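Structure assessment
So you can see what is in the structure, the chains are spelled out below.
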Amino acid sequence: MPAFTSRTAGDVAAEMLMSRSAFRGCLLVLEGDEDARFWKTRTAGPSSCQLVLAGSKRTAIGSVEKIYGLNQTGILAIVE
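In this report, we go over the structure that sits alongside the text. The structure displayed is predicted, hence computed values, not measured ones.

**A closer look at the overall build of the chain**
A count of helical and extended segments in the chain gives three helices and three strands. Going from the N terminus to the C terminus, the chain shows its helices and strands as α-β-α-β-α-β. Over its C-alpha atoms the chain spans a radius of gyration of 12 Å, differing by no more than 12% from the 12 Å that the globule rule assigns to 80 residues. Judged by the C-alpha coordinates and their principal axes, the chain covers about 35 × 30 × 25 Å. Within the chain, contacts between residues separated by at least 24 positions form 61% of all contacts whose residues are at least 6 apart in sequence. Surface exposure of the chain reaches about 5400 Å², of which carbon and sulfur atoms provide 56%. Averaging the coordinates of the 9 positive side-chain charges in the chain and doing the same for the 8 negative ones gives two points 5 Å apart.

About the cut-offs
Residues numbered from 1 in each chain as written. Predicted model: local features only at pLDDT ≥ 70, side-chain atom pairs only at ≥ 80, totals over all residues. Heavy atoms only, no water. Helix = DSSP H or I, 4+ residues; strand = E, 2+ residues; numbered from the N terminus. Rg over C-alpha atoms; globule rule 2.2 N^0.38 Å. Contact = heavy atoms within 4.5 Å. Areas by Shrake-Rupley, 256 points an atom, 1.4 Å probe, with all protein chains shown as cover. Lys, Arg positive; Asp, Glu negative; His and termini not counted. Charge placed at Lys NZ, Arg CZ, Asp CG, Glu CD.

Spelled out as structure tokens, the structure:
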């Protein structure tokens, strides 16, 4: 069994910045897999909205704060 590696807000922010280089649609930052399964069927589709998994509520919020500090738009985090 592989060891679990948690993601940091910086990791998620870097992933979003890399996505931005090739994708201009919206980025939806979610806490985990269950959230992704729920939202996958409720978004416009992968051509206009990409799901980004943060791993935790704190990481999702922290990553969006970092991204907003870089004047990025079209990014939304949904946390519970």
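Here the narrative resumes.
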